[in-house]
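Letter by letter, the chains look like this.
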Amino acid sequence: MPCRKPCPPQGQGANLVAVAAALSVWIGQGKTADELAILASLFDLMRSNLALMALNTVSDERPQGPGGQGENAGDITRQAILDAAAAGTP
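All values reported here derive from a predicted model rather than from experimental measurement.

S.K.: Whenever I open this one, the overall build of the chain confuses me. Can you help?
M.R.: Scanning the chain from N- to C-terminus turns up 3 helices and 0 strands. Helices and strands in the chain line up, N terminus first, as α-α-α. Among the 90 residues that make up the chain, the fraction classed as buried is 9%. Residue pairs in contact within the chain that sit at least 24 positions apart in sequence constitute 32% of those at least 6 positions apart. As displayed, the chain offers around 7400 Å² of accessible surface, 65% of which is attributable to carbon and sulfur atoms.

S.K.: Got a minute to help me understand helix α1 (residues 12–28) in this structure?
M.R.: Each turn of an α-helix holds 3.6 residues, which means side chains three or four residues apart point in the same direction. Look at α1: 24 Å from first C-alpha to last across 17 residues, which is about the 24 Å you get at 1.5 Å a residue. The positive-phi residue at the C-terminal boundary of α1 is Gly30, with phi of around 80°.

S.K.: Can you help me understand the pattern of salt bridges in this one?
M.R.: Note on pairing: side chains with opposite charge can pair once their charged atoms come close. A full pass over the atoms with the stated rule returns 1 salt bridge. The residue Asp44 makes a salt bridge to Arg47 at a minimum N-O spacing of 2.8 Å. Here Asp44 pairs with Arg47, and both are found in helix α2 (residues 33–61), just 3 residues apart, close to one helical turn.

S.K.: What is the right way to look at the confidence of the model for the chain in this model?
M.R.: It should be kept in mind that the predicted coordinates are not to be read in detail where pLDDT is low. For the chain, per-residue confidence averages 77 on the pLDDT scale, and 58% of positions sit at 70 or higher. Across the chain, the element-wise mean pLDDT spans from 68 in helix α3 (residues 75–87) up to 90 in α1.

S.K.: Can you walk me through a nonpolar patch on the surface in this structure?
M.R.: A contiguous nonpolar patch, built from Leu42, Phe43 and Met46 and spanning about 270 Å² of accessible area, is present on the exposed surface. Within the element layout of this structure, Leu42 appears in helix α2. What makes Leu42 partly exposed here is its relative accessible area of 42%.

So, how was this worked out
- Residue numbers here run from 1 along each chain, matching the order of that chain's written sequence.
- Thresholds applied to this predicted model are a pLDDT of at least 70 for local features of residues and 80 or more for the giving and counting of side-chain atom pairs; totals over whole chains, interfaces and linings are not thresholded and use all residues.
- Values shown for side chains rest on all heavy atoms present in the structure; no hydrogens or waters enter the calculation.
- Each helix is a run of DSSP H or I of at least 4 residues and each strand a run of E of at least 2, with the numbering of both proceeding from the N terminus.
- Think of it in three bands: with a 1.4 Å probe and only protein chains considered, a residue is buried below 20% of the maximum accessible area for its type, exposed above 50%, and partly exposed in between.
- Contacts are assigned to residue pairs that have any heavy atoms within 4.5 Å of one another.
- Only the protein chains shown count as cover for residues, and all accessible areas are computed by the Shrake-Rupley method using a 1.4 Å probe.
- To estimate how far a helix should reach, multiply one less than its number of residues by 1.5 Å.
- Every case where a carboxyl oxygen of Asp or Glu lies within 4 Å of a side-chain nitrogen of Lys or Arg is listed as a salt bridge.
- What pLDDT expresses is the predictor's confidence in each residue, scored from 0 to 100.
- Nonpolar side chains (Val, Leu, Ile, Met, Phe, Trp, Tyr) are joined into patches within 5 Å and like charges within 9 Å, using only residues with over 30% relative accessible area and no salt bridge.

Encoded structure:
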């Protein structure tokens, strides 16, 4: 199924994972275990906030049906974002 918005290149996800791994190693160099735990909590909180912002964006973009009620088209996307946010980081 084609994207409605411009699709990112297929390899972009792998590039982001590699950049995130390199950035994590760079940030973590020379830190104590306590400092690393605080940084992990900070980035986990940022992940959660970004997921919530994405949910809000999905509901704002949700098409309106008759009577102003949102159609169910965005429910699958919303559930996928909620599932991803609940899964956390490995």
